[in-house]
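Fold and geometry: a report
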Amino acid sequence: HLSCHGRSDGSSNLVEKTTPMKFKGTIVLSLAFIGIVLYYFLLEIPTEKKNKEIKELSEKIIAFQPEDVDGFSVIRKTETIFVQRKDRWQIVQPLQTTADQFTTETFLDKLKDARFSRVVEEEPADLSTYGLKDPALTISLKIKNQGDISLSIGDKSPIGQSLYIKRGDQKRVLLAPVKDLSPSLFDLRDKTVLSHNTRDVTEIEIIRNKSLLRLTKKDSSWSVGGTAKADPKGIEDLLNSVRASRADAFIEENPSDLTVFGLNPPAIQLTIQSGEKNTPQSLLLGSKNAGGRYYAKTGHANNVFT
């Protein structure tokens, strides 16, 4: 009985002594685990992300943000296109007209993301080897707080589809797998025929064969000549169709004679009024060309397009 009691007391003492030690060890392990997790999320991941960003930035041909670009030029041997940011993007050379906003922004985004794969030569002795002495294409950016940065695009590499590229402020020649960096004047030009919000249109005039059709809207109801009820769905389809129309070719900027295009007088003249304070917009349709496209012009511009 005594020996058993002694073992019992000993076992009890052992449990009392080891339990706090096990608990303390668990706390230490938990704290160590938490420390490792915090180190990974607070130090390792941000450092890895930062290193990745630094690597990507070092591989970019030009580091800039599109919103910092005030203007850019696309210079070829036969043509120079200059686009300037005003209230909207505007083409100011070789003619003055509105630029296609989406195409312009897309071009700048592609240029911002363009990267080079390797440095071909740090200090080339002869740029003509790469087609860069007299490049077929040069792109120049006006960037806030960075000034003007130009980019010359030369020949294709013998292997693959990469191009030789050189920045104007650097000596080295780069090899870059870039494409779509040479938009044409047509690409950059706004091809909208008429810009209107269909819901805001209050009056439509259509002149055909010297006959006038006037459609007016009052309290959301359309009428013909102010008397007969008009089909609102048919009018909405007409306005949406015109709004979605785009010029597919620009024929002549300042024609001396509109008669050759069937525009003096036009076969059809459509005039749209949106509210009382806005200037009316007109579309003139003339004869068809050999491809079956209509010659056209708008009332506010001189150029003829199809």
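Residues numbered from 1 in each chain as written. Predicted model: local features only at pLDDT ≥ 70, side-chain atom pairs only at ≥ 80, totals over all residues. Heavy atoms only, no water.

Moving on: the overall build of the protein chain. Within the protein chain, the regular secondary structure consists of 4 helices and 18 strands. Classification of the 306 residues of the protein chain by burial places 32% in the buried group. Partitioning the intrachain contacts of the protein chain with sequence separation of at least 6 by distance along the chain shows that 54% fall at a separation of at least 24. Summed over all atoms, the accessible surface of the protein chain reaches about 19,700 Å², with 53% contributed by carbon and sulfur. (Helix = DSSP H or I, 4+ residues; strand = E, 2+ residues; numbered from the N terminus. Buried < 20%, exposed > 50% of the residue type's maximum accessible area, 1.4 Å probe, protein only. Contact = heavy atoms within 4.5 Å. Areas by Shrake-Rupley, 256 points an atom, 1.4 Å probe, with all protein chains shown as cover.)

The next point concerns the nonpolar core. One recurring pattern in soluble globular proteins: nonpolar side chains tend to sit buried together. Counting residues in hydrophobic clusters, the biggest one holds 32 residues, and the most contacted among them are I61, I62, F72, V83, I139, L141 and V178. Of all the elements, strand 6 (residues 137-143) adds the most residues to this core, at 4 residues. In this structure I61 touches A114, R115, F116, L151, I165, R167, A176 and V178, once residues within four positions along its chain are discounted. Counting 17 residues, the second largest nonpolar core, distinct from the first, contains L194, I235, L283 and A296. (Core = buried A, V, L, I, M, F, W, Y, C linked by side-chain atoms within 4.5 Å.)

Our focus in this paragraph is the pairing of strand 16 (residues 281-288). Here 5 bridges tie strand 15 (residues 268-274) to strand 16, and the two strands are oriented antiparallel to one another. Bridge pairing in strand 16 places L270 opposite L283. In sequence, strand 15 turns back onto strand 16 through a hairpin of 6 residues, with G275 there showing a positive phi of about 75 degrees. In this sheet, strand 17 (residues 294-298) lies alongside strand 16 in antiparallel orientation, the contact comprising 4 bridges. Pairing of K288 across the sheet is with Y294, part of strand 17. Hairpin connection from strand 16 to strand 17: 5 residues lie between these consecutive antiparallel strands, with G292 at a positive phi of about 85 degrees. (Pairing = 2+ DSSP bridges.)

What follows covers the side chain of R189. Looking at the secondary structure, you find R189 in the loop between helix 3 (185-188) and strand 10 (201-208). In contact with R189, not counting residues within four places along its chain, are I91, L95, T97, T98, A99, D100, F250, E253 and N303.

It is worth spelling out the sheet that holds strand 2 (residues 80-85) at this point. Reading across the sheet, the 9 strands line up as 4-3-2-1-6-7-8-9-5 and stay open at both edges, with antiparallel pairing between neighbours. Single-partner strands in this sheet number two, and they are strand 4 (97-98) and strand 5 (118-121). As judged from the 5 bridges shared by strand 1 (residues 69-76) and strand 2, these two strands associate in the antiparallel manner. Counterpart to I75 in the pairing with strand 2 is T80.

Okay, the environment of E205 next. Tracing the sequence through the fold places E205 in strand 10. When its relative accessible area of 21% is taken as the criterion, E205 is described as partly exposed. Each C-alpha atom of the pair E205 and Q269 lies 7.9 Å from the other, and the pair is 64 residues apart in sequence. Beyond its immediate stretch of four places on either side in the chain, E205 contacts L212, L213, R214, Q269, L270 and T271. Side chain to side chain, E205 and R214 meet in a polar contact 2.6 Å long. (Polar contact = N/O pair within 3.5 Å; in protein donor to acceptor, adjacent residues only side chain to side chain.)

Let's shift gears to a nonpolar patch on the surface. Residues I27, L31, F33, I34, L38 and L42 make up a contiguous nonpolar surface patch of roughly 620 Å² in combined accessible area. Within the fold, I27 resides in helix 1 (residues 2-59). The exposure class of I27 is partly exposed, given its relative accessible area of 38%. (Patch = residues over 30% accessible without salt bridge, like charges linked within 9 Å, V, L, I, M, F, W, Y side chains within 5 Å. Salt bridge = Lys/Arg side-chain N within 4 Å of Asp/Glu carboxyl O.)

In this section: the side chain of S162. Here S162 shows up in the loop between strand 7 (147-156) and strand 8 (163-167). The class for S162 is buried, based on a relative accessible area of 13%.

Our focus in this paragraph is the pattern of salt bridges. The final tally for this structure, using the stated rule, is 10 salt bridges. Here D248 makes a salt bridge to R293, at a shortest N to O gap of 2.7 Å. Residue D248 is located in the loop between helix 4 (232-244) and strand 14 (250-252), and its partner R293 is located in the loop between strand 16 and strand 17; the two are separated by 45 residues in the primary sequence. You can call D248 partly exposed: its relative accessible area is 33%.

Attention now goes to the pairing of strand 11 (residues 211-218). Bridge analysis of strand 10 against strand 11 gives 6 bridges, and the strand direction is antiparallel. Each bridged residue has a counterpart across the sheet, and for I206 the counterpart in strand 11 is L213. Counting the residues that bridge the hairpin from strand 10 to strand 11 gives 2 residues, and of these N209 lies at a positive phi of roughly 55 degrees. Hairpin connection, strand 11 to strand 12 (residues 221-224): the antiparallel pair is bridged by 2 residues, and D219 has positive phi, about 55 degrees.

On to the packing of aromatic side chains, then. On inspection of all chains with the given rule, the structure shows 6 aromatic pairs. One aromatic cluster is present, built from ring pairs that chain together F72, W89 and F107. Over the ring of F186 we find K191, and its NZ or CZ is 4.7 Å from the ring centre. (Phe/Tyr/Trp six-rings, centres within 6.5 Å; stacked < 30°, edge-to-face > 60°. Lys NZ or Arg CZ within 6 Å of the ring centre and 35° of its normal.)

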